[in-house]
Amino acid sequence: MYRTHTCGELRAKNINQPVKLAGWVQRVRDLGAMTFIDLRDRYGVTQLVIDENTSKDVKANLEKLGREFVIQAEGKVRERSSKNKNIPTGEIEIEVAGIKILSPSAVPPFTIQEDTDGGDELRMKYRYLDLRRQNVRKNLELRAKMAHAIRTYLNEEGFIETETPVLIKSTPEGARDFVVPSRMNSGEFFALPQSPQVFKQLLMVAGFDKYFQIVKCFRDEDLRADRQPEFTQIDCEMSFVEQEDVLNAFEGLTKFTFKNVLNVEVEDFPRMPYSEAIEKYGSDKPDIRFDMLISDISETVKGKGFNVFDSAEYVGAICAKGCAGYSRKQLDELTNWVKRPQIGAKGLVYVKYNEDRSFKSSVDKFYSAEDLKQWAEKLDAKPGDLILVLSGDKTKTLHALGELRLEMAKQLGLRKQGVFKPLWVVDFPLLEWDEETERFYAMHHPFTAPKPEDIKLLDSNPGDVRANAYDLVINGVEIGGGSVRIYDSELQSKMFKVLGFTPEQAEAQFGFLMNAFKYGAPPHAGIAFGFDRFVSLFAGLDSIRDVIAFPKNNAGRDVMIDSPSPVSEEQLTELSLRLIEKKK
RNA sequence: GGUGGCGUAGUUCAGUUGGUUAGAAUAUCGGCCUGUCACGCCGAGGGUCGCGAGUUCGAGUCUCGUCGUCACCGCCA
């Protein structure tokens, strides 16, 4: 037996017990005649003491010890003469009778402690060392705890956990596929699933009724802090349900997870139509921890001779509470901030509603105090507030206002950690027009059902058709999304037609699904949560990398194992592949 | 595909208008130290300033290219 206890469990009640511990050397404090060693494992740190009473053999071993050596120590638990109140094992220490080096360690490239000196790049390369750090491991423990809670809930609700294939078929819709060549079928390829979408629908046709899976999905697109090429979804599908049934089931799951893992009670989730989210928050994933809603003030501001507003399609504003005291410099910085290419506003108009009820704006030349008072009323601004106005193309301006709203909230400390405000965004548009290819694309995916009352618009105004599609948004993060599916092969054919598929193309790509629908498909609907984002939200982190044991970097590389990497000529030949030089 | 930040000791960083031998902290190694727990004190070693080209009498510093990395835009049903 390597150990009788872990390094985190011994307490005063264990005093005088003989124990055996194993772990990593966190630090050696050599005081001359006596030496302290902090021994660390997953569970904590326990102090070992070597002093005048310790045998010579042990002392000889001591000289070889360095940080991160794996050792085994035998001895007796004793009370410390000077206790450490900062750690759970701080009342006791181990009077060492024997030390065995199980495995020596090279000097680690960074210190294994909470406030490590290692940068991101280095820690990623030595991820197995970074994972020894308590704060990193803690994130993965949270992840495991959440997965467990989710499985518990869904099992109790009668969902069947079912695995679906990873080697599937490439389809033209949606994200780029990761592609896998087939040796046995020369010249043909599998694709890795972007999600198990069609399989879960086939499981519904198979009568599984309630399916779920915590499953890896793959998308070959450029990455972000919250996007990895392989990521994990909590994937679900249900039969004989309407949208409300799915929302209620997964609102329940979300509340259960909050309660079980964080012991947080969240209120019932409001439902907000997509159109309202865009108009009031400038985003399809609004952060509703705070208000600062966007107001359309186009009608209020036009016709006073200010050409910028008069010629704009849309003029919108937000009201930043208590910011009337912003300095010229701060306002200039905000102006530059909205003019950055990523935001893309042309400029920023401000109105200070001063404490003495007077107004000071960047457009005083065009608007009287009476005019500005009207703006203030429209925005429900009070003395001391600052009104920020953007104008231009409606879609772009709303987006910019949405970003400005988040930035102001950040400056004002309104995006509070530990406060969770989930909501359902519903009634998404079914289709999205793409300027480049001049065709409609499914906003969610091609199996999403239109709202029954909007089906008649499919031919005349496809862009106005709303879908029975929904997103779960928490604190401005899209946690999950799903839809009611089409289960009628005729409506499905119609969808493919609107999306520009010929019947032959539709048959080749999705024939198996439409075929399946011919044999009695139940009405069904589903949803998928981005598990990595869900965990990072719980952990209070912006990057999902910190909740993944072995993540990829910004460029989609694993810097630890150095992948992707070239393969041999032999492998290529076996797969009937030849490489072509990439043009510079 | 695009925009921007960063790249200097094992590590995290500083390095002035371009100017003598590139610094600090920490880590490492050696010495001293009987109650430390970020131990303390003394000392030592440690640098292709990412790489390449250019400007200059002179480049860590300026310019261009390139590689790496991070953030964002496009993209991600």
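Parameters and conventions
Residues numbered from 1 in each chain as written. Chains lettered and ligands numbered in written order. Predicted model: local features only at pLDDT ≥ 70, side-chain atom pairs only at ≥ 80, totals over all residues. Heavy atoms only, no water. Core = buried A, V, L, I, M, F, W, Y, C linked by side-chain atoms within 4.5 Å. Buried < 20%, exposed > 50% of the residue type's maximum accessible area, 1.4 Å probe, protein only. 1 Å grid on protein atoms, 1.4 Å probe; cavity = no way out; pocket = protein on both sides within 12 Å on 5 of 7 lines; lining within 4 Å. Points joined across faces, edges and corners; volume = space filled by probe spheres on them. Nonpolar A, V, L, I, M, F, W, Y, C, P; charged D, E, K, R; others polar. Near = heavy atom within 4 Å. Polar contact = N/O pair within 3.5 Å; in protein donor to acceptor, adjacent residues only side chain to side chain. Helix = DSSP H or I, 4+ residues; strand = E, 2+ residues; numbered from the N terminus. Pairing = 2+ DSSP bridges. Axes fitted to C-alpha atoms, helices over the stretch in contact; angles between N-to-C directions.

L154, F250, W424, Y470, F529 and F534 are the most contacted members of the largest nonpolar core, which has 77 residues in total. Y314, L348, Y350 and A400 belong to the second largest nonpolar core, which has 25 residues in total.

One pass over the full model with this rule turns up 2 cavities of 30 Å³ or more. Here the largest cavity defines a volume of roughly 50 Å³. Together, Q26, R27, R67, E68, T111, I112 and Q113 line the largest cavity. Taken together, the residues of the lining of the largest cavity break down into 1 nonpolar, 3 polar and 3 charged. Of the pockets and cavities examined, the second largest cavity occupies roughly 30 Å³. As for the second largest cavity, its lining consists of M124, R127, F550, P551, D558, V559 and M560. Taken together, the residues of the lining of the second largest cavity sort by class into 5 nonpolar, no polar and 2 charged.

Okay, the protein's contact with RNA strand B next. RNA strand B sits among 45 residues. The nearest are E52, A442, M443, H444 and H445. Backbone sugar and phosphate groups make up 49% of those atoms of RNA strand B lying within 4 Å of the protein. Measuring from a base nitrogen of RNA strand B, one finds a side-chain N or O atom of R227 at 2.8 Å. A442 has a polar backbone atom sitting 2.3 Å from a sugar or linking oxygen of RNA strand B. If you list the elements that add at least two residues to the surface near RNA strand B, you get β1 (18-30) and α2 (120-125). The element that contributes the greatest number of residues to the surface near RNA strand B is β1, accounting for 3 residues. Residues of the surface near RNA strand B, tallied by class, amount to 13 nonpolar, 15 polar and 17 charged.

For R137, the position within the fold is in helix α4 (residues 134-156). For R137, a relative accessible area of 17% gives the class buried.

Moving on, we come to the sheet that holds strand β22 (residues 524-530). The strand order across the open sheet built from 8 strands is β6-β9-β10-β22-β21-β20-β17-β11, with neighbouring strands paired in mixed fashion. Two strands lie at the open edges of the sheet, namely β6 (160-161) and β11 (271-273), each paired on one side alone. Pairing analysis gives 9 bridges linking strand β9 (residues 210-218) to strand β10 (residues 230-239), with the strands arranged antiparallel. What sits directly across from K210, in β10, is M238.

With that out of the way, let us pick up the sheet that holds strand β5 (residues 92-103). The strands making up a sheet associate through backbone hydrogen bonding, with each pair oriented either parallel or antiparallel. A barrel is described by the order of its strands in space; here 5 strands give the closed sequence β1-β2-β3-β5-β4, paired in mixed fashion. The average undirected angle you get between the axes of adjacent strands in this sheet is 55 degrees. Taken together, the 7 bridges between strand β2 (residues 35-41) and strand β3 (residues 44-50) define a ladder with antiparallel strand orientation. For L39, the partnering residue across the bridge sits in β3 and is T46.

None of this, on its own, says anything about what the molecule does.
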